[in-house]
Amino acid sequence: MNSPSENTHNGEGKMARIRAIRSAHPGNLMARYFSEDYFNSLDESKRGRLWRIIATGIENPDSQMGAYAQNSRDYEDFEPLLGPMIRDYHNIPTGHEIGQKHDWSATASRCDLADIDPALNGVSMRVRVGRNLAAFPLPGAMTKAHRLELEALVIEAFTTLKADTQFGGDYHSLTPGSPHAIDADAYRRRVAAHQMFKDMGGDRYLAAAGISSDWPFGRGMYASNAEDFIVWVGEEDHLRIMAMRQGGDLAALFGRLHDGLEKFARLIPAFAHSSRYGYVTSCPTNLGTAMRASLHLPLPRLTEGGRNLERAKKAAQDFGLSVRGAGGEHSDAGHGGLVDISPSARLGVTESGIMQRLYEGTAALWSLEKER
Ligand code: DAR
């Protein structure tokens, strides 16, 4: 595939591919909303930028979104294309003003799955937020030097966090020659435990967007001593900050994340944020809160012992939840019908709202599981 700049002058070949994708893959939102008139109205520089933003959706026709922002300002600069894609994905009607608010206050109230059923007091729960530093390009447009500079900056912050009584821990780098280097076995163990991300080069969507370039330079993870607060460095966003625990106390889980996030944020430069789209992320699907909250729920009856997720997916949709296998994106159900459930909404909902939806959705699915 030629580089975007080589095709900026006409781009006829790419537009023909987009037309073909539009009819063969109607779920590809980039192809659905791409306008040749809009593209032709752009100057040379913006055409080159736009090709890089949508390269992933052209090279991967089966994409759901088909675009990754390369710079924080892309969402404003390419609103005529990205805006309709974002509204479609996040179910925001045309004419409805998009504006992101943030609210973590519900973490101060009781929200415990054990109140639904004492049997739910031992589930595996995780909540993460994506964050990008405003001073850097987004991961798809970073040079190797950017990646190393950003890692050095957060390592300095982790040096302070290490000494914290609540969040003390250690940083493990994948950068060859780093004084914080993690050995291969330890890395494999962390990946198997879902504490660390695997080589992103295997993800064709990220690779096409440049997000996995320079692997493994500038990549790593911070883990608290209790291993319940983790920060990924250099994955799909500059930072993925997460809390995880077994149990059912969602308020404690969200509170742990919020406290750690606030403490960490005070140690590093500002995050990219917009009043319209909230925290700016590489993928438009993560805009807003940039939060994914999930828990693993055994639904052996709804999933026919894990062999068929369709009924659970359909039921979950009614409660604003998405269902996937317990092994993560594109995985099957785990042993005993163990599935990962997560509120779908990220944008136009607050952090407290996501916690409530996860609680209420879990209660509804659990009731369906028990009645069948
Ligand atoms: N595969 C890309 C992104 C989908 C959302 N998942 C993320 N961001 N990890 C697509 O456009 O289908």
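Here goes a summary of the coordinates provided. Just so we're clear, the structure is a prediction, and the values are computed from it rather than from any experiment.

**Considering the environment of G288**
- Relative to the elements of secondary structure, G288 occurs in the loop between strand 7 (278-279) and strand 8 (291-298).
- On the basis of relative accessibility, which here comes to 0%, the residue G288 falls in the buried class.
- Once the C-alpha coordinates of G288 and D112 are considered, the two residues, 176 residues apart in sequence, prove to be 25 Å apart.
- If we skip the residues at most four places from it in the chain, G288 touches Q100, H102, Y277, G278, Y279, R346 and L347.

**As for unusual backbone geometry**
- In this chain, W215 is followed by P216 through a cis amide linkage whose omega measures 5 degrees.
- Residue placement: P216 occurs in the loop between helix 10 (204-208) and strand 3 (220-224).
- Look at E227: it is not a glycine, yet its phi comes out positive at around 55 degrees.
- With respect to the element layout, E227 can be found in the loop between strand 3 and strand 4 (229-233).

**Digging into the site of the ligand**
- Close to the ligand lie 11 residues; Q64, M65, G66, E236 and C283 are nearest.
- One of the side-chain N or O atoms of E236 is found 2.9 Å from a nitrogen atom in the ligand.
- Relative to its unbound accessible area of 340 Å², the ligand is 85% covered by the protein chains.
- In the shell around the ligand, the residues fall into 4 nonpolar, 5 polar and 2 charged.

**Quick look at the sheet that holds strand 10 (residues 338-343)**
- The antiparallel open sheet is built from 8 strands, whose spatial order is 2-3-4-5-1-8-10-9. Edge positions in the open sheet fall to strand 2 (169-173) and strand 9 (321-325), since each of these has one partner strand only. In this sheet, adjacent strand axes meet at a mean angle of 20 degrees when their direction is disregarded.
- Looking at chain direction, strand 8 and strand 10 are connected through 4 bridges and run antiparallel. Bridge pairing in strand 10 places H296 opposite D340.
- Its contacts with the sheet put helix 8 (residues 144-161) on strand 2, strand 3, strand 4 and strand 5 (239-247), and the angle it makes with strand 4 is roughly 160 degrees.

**A closer look at the side chain of E351**
- Assignment of secondary structure puts E351 in helix 13 (residues 351-371).
- No salt bridge is formed by the buried E351; the nearest opposite charge belongs to R131, separated by 5.0 Å.
- When residues no more than four places from it in sequence are discounted, the contact partners of E351 are K101, H102, D103, W104, F254, T289 and M291.

**Observations concerning the pattern of salt bridges**
- Counting across every chain of the model gives 20 salt bridges.
- Across the pair R49 and D74 runs a salt bridge, and its minimum N-O distance is 2.7 Å. Here the residue R49 occupies a position in helix 5 (residues 44-59), and D74 occupies one in helix 6 (residues 74-77), the gap between them amounting to 25 residues.
- For R49, a relative accessible area of 15% translates into the label buried.

**Remarks on the packing of aromatic side chains**
- Counted under the stated rule, the structure contains 11 aromatic pairs.
- Here the aromatic rings of F158 and Y222 are separated by 4.7 Å at their centres, their planes lie at 10 degrees, and the arrangement is stacked. Of this pair, F158 sits in helix 8 while Y222 sits in strand 3, and the two are 64 residues apart along the sequence.
- What makes Y222 buried here is its relative accessible area of 0%.
- A connected cluster of aromatic rings, assembled from ring pairs, spans F158, Y171, Y222 and F264.

**Focus: the nonpolar core**
- If you look at the biggest cluster of nonpolar residues, it comprises 60 residues, and the most contacted ones within it are L239, L250, F264 and L365.
- In terms of nonpolar packing, the next biggest core, distinct from the first, is built from 32 residues, I18, L29, I92 and I98 among them.

**Let's talk about the side chain of E235**
- Tracing the backbone through its elements, the reader meets E235 in the loop between strand 4 and strand 5.
- Each residue touching E235, except ones within four places of it in the same chain, is listed here: P139, F197, M200, I211 and R240.

**Overview of the environment of L174**
- For L174, the position within the fold is in the loop between strand 2 and helix 9 (184-192).
- For L174, a relative accessible area of 13% puts it in the buried group.
- Along the backbone, L174 and A184 are 10 residues apart, and their C-alpha atoms lie at a distance of 9.2 Å.

What counts, and where the lines are drawn
Residues numbered from 1 in each chain as written. Predicted model: local features only at pLDDT ≥ 70, side-chain atom pairs only at ≥ 80, totals over all residues. Heavy atoms only, no water. Helix = DSSP H or I, 4+ residues; strand = E, 2+ residues; numbered from the N terminus. Buried < 20%, exposed > 50% of the residue type's maximum accessible area, 1.4 Å probe, protein only. Contact = heavy atoms within 4.5 Å. Near = heavy atom within 4 Å. Polar contact = N/O pair within 3.5 Å; in protein donor to acceptor, adjacent residues only side chain to side chain. Areas by Shrake-Rupley, 256 points an atom, 1.4 Å probe, with all protein chains shown as cover. Nonpolar A, V, L, I, M, F, W, Y, C, P; charged D, E, K, R; others polar. Pairing = 2+ DSSP bridges. Axes fitted to C-alpha atoms, helices over the stretch in contact; angles between N-to-C directions. Lys, Arg positive; Asp, Glu negative; His and termini not counted. Salt bridge = Lys/Arg side-chain N within 4 Å of Asp/Glu carboxyl O. Phe/Tyr/Trp six-rings, centres within 6.5 Å; stacked < 30°, edge-to-face > 60°. Core = buried A, V, L, I, M, F, W, Y, C linked by side-chain atoms within 4.5 Å.

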